[in-house]
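Now for the letters of each chain:
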Amino acid sequence: MKRLILLCCAAAAFLPASAQQKSKRKMSGNPVFPGWYADPEAIIYGRNYWIFPTFSAPYEKQVFFDAFSSADLVQWKKHARILDTAAVKWAKRAMWAPSVIRHNGKYWLFFGANDIQNDQEYGGIGVAMADKPEGPYRDHLGKPLVDKFHNGAQPIDQFVFRDKDGKHYLIYGGWRHCNIARLKDDFTGFEPFEDGTVFREITPEKYVEGPFMFIKNGKYYFMWSEGGWTGPDYSVAYAIADSPSGPFRRIGKILDQDPAIARGAGHHSVIHVPGTEKYFIVYHRRPIGEKDANSRETCIEKLEFDENGLIKPVIITREGVPAMKLPPFHYDK
């Protein structure tokens, strides 16, 4: 028995520090998985949490997406190259910020590619489809879904949002402009709004990029990133409205850097565990001491609300969140 105990202790000594910490404390730890990843989109599929991030590297190397799944927020499985430029012929570089949803029995991944700077360059926002969350995904249209600038918004940082009535919207935009557009049910294009417009601008004060939306108690919480993505001022702010089109009046900043832990905390998503009041914010940040703009890691924290429904400032940590398995529920997102 003594020999067995000694062997177990010796084996534990050779585990990576992060693995030892997770084993002892049953916390997610931050980052939640190794590697440079940014712009994480988190969602629940089945009985698993999923994170779909940007591979954080120079633009010419951003030619694929990986995904990660977990049953408890602590142990994560990597699903490599679920989509790449071999499957999307028009995408050449800068594949960014996946947004995912389950619809009509399929899994859909919206993404940006090519970092176009004007309407003469080819690229923009695309959409891919798969039969399983881990793919493989295939290009749905053979061309971008959005390939032009509308209302000054660069076609990047897309988020697909399902409203209470089941309608889907694409919310997107860089260069300090944000648009909302109503998607067709088959995700092949857009349906005009009642006034005939297709792309409606909903840009709030100080918006830069990275939109995200969720509904809580009948209210629409719209969140976005502010500041420069390479700088320490990168952060997340939010607004609340009665419809997905707003109007959105900025309430304030809720996620910011902590100079003792990390810089540039932003471009996030939110997980709500159905049937509970548990919310988590998943975001990226740059560790202290890292100078490369692409040295970004994916992290998770609690997201909490006060008695008035306002979001409390997020405290960024190295520990992350406690292990939590999903309760029995019918997840169809």
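Conventions and cut-offs
- Residues numbered from 1 in each chain as written.
- Predicted model: local features only at pLDDT ≥ 70, side-chain atom pairs only at ≥ 80, totals over all residues.
- Heavy atoms only, no water.
- Helix = DSSP H or I, 4+ residues; strand = E, 2+ residues; numbered from the N terminus.
- Pairing = 2+ DSSP bridges.
- Axes fitted to C-alpha atoms, helices over the stretch in contact; angles between N-to-C directions.
- Core = buried A, V, L, I, M, F, W, Y, C linked by side-chain atoms within 4.5 Å.
- Buried < 20%, exposed > 50% of the residue type's maximum accessible area, 1.4 Å probe, protein only.
- Contact = heavy atoms within 4.5 Å.

Colleague: Could you give an account of unusual backbone geometry, with specific residues and numbers?
Modeller: Following G135, the chain continues to P136 via a peptide bond in cis, the omega torsion being 10°. With respect to the helices and strands, the residue P136 is situated in the loop between strand 7 (124-130) and strand 8 (138-139). The omega torsion across G246 and P247 is 10°, close enough to zero to call that bond cis. The phi dihedral of W175 falls on the positive side, at around 60°, and the residue is not glycine.

Colleague: Requested: an account of the sheet that holds strand 20 (residues 297-302), with residues and values cited.
Modeller: Taken in spatial order, the three strands of this open sheet run 18-19-20, and their pairing is antiparallel. On the outer flanks of this sheet lie strand 18 (262-272) and strand 20, each paired with one strand and no other. On average, each strand axis in the sheet is tilted by 30° relative to the strand beside it, whichever way the strands run. Pairing analysis gives six bridges linking strand 19 (residues 279-287) to strand 20, with the strands arranged antiparallel. Note that in strand 20 the partner of F280 across the bridge is K302.

Colleague: Describe the nonpolar core, and please don't skip the residues or the numbers.
Modeller: Ranked by internal contacts, the top residues of the largest apolar core, which has 38 residues, are I171, F214, F222, I254, L255 and L303. Among the secondary structure elements, those contributing two or more residues to this core are strand 9 (159-162), strand 10 (168-172), strand 14 (209-216), strand 15 (219-226), strand 16 (235-241), strand 17 (250-255), strand 18 and strand 19. Setting aside anything within four residues of it in sequence, one finds F222 in contact with I171, C178, I202, P204, Y207, P211, F212, M213, A237, Y238, A239 and F248. One finds A91, L109, A113 and Y137 within the second-largest nonpolar core, a separate group that totals 20 residues.

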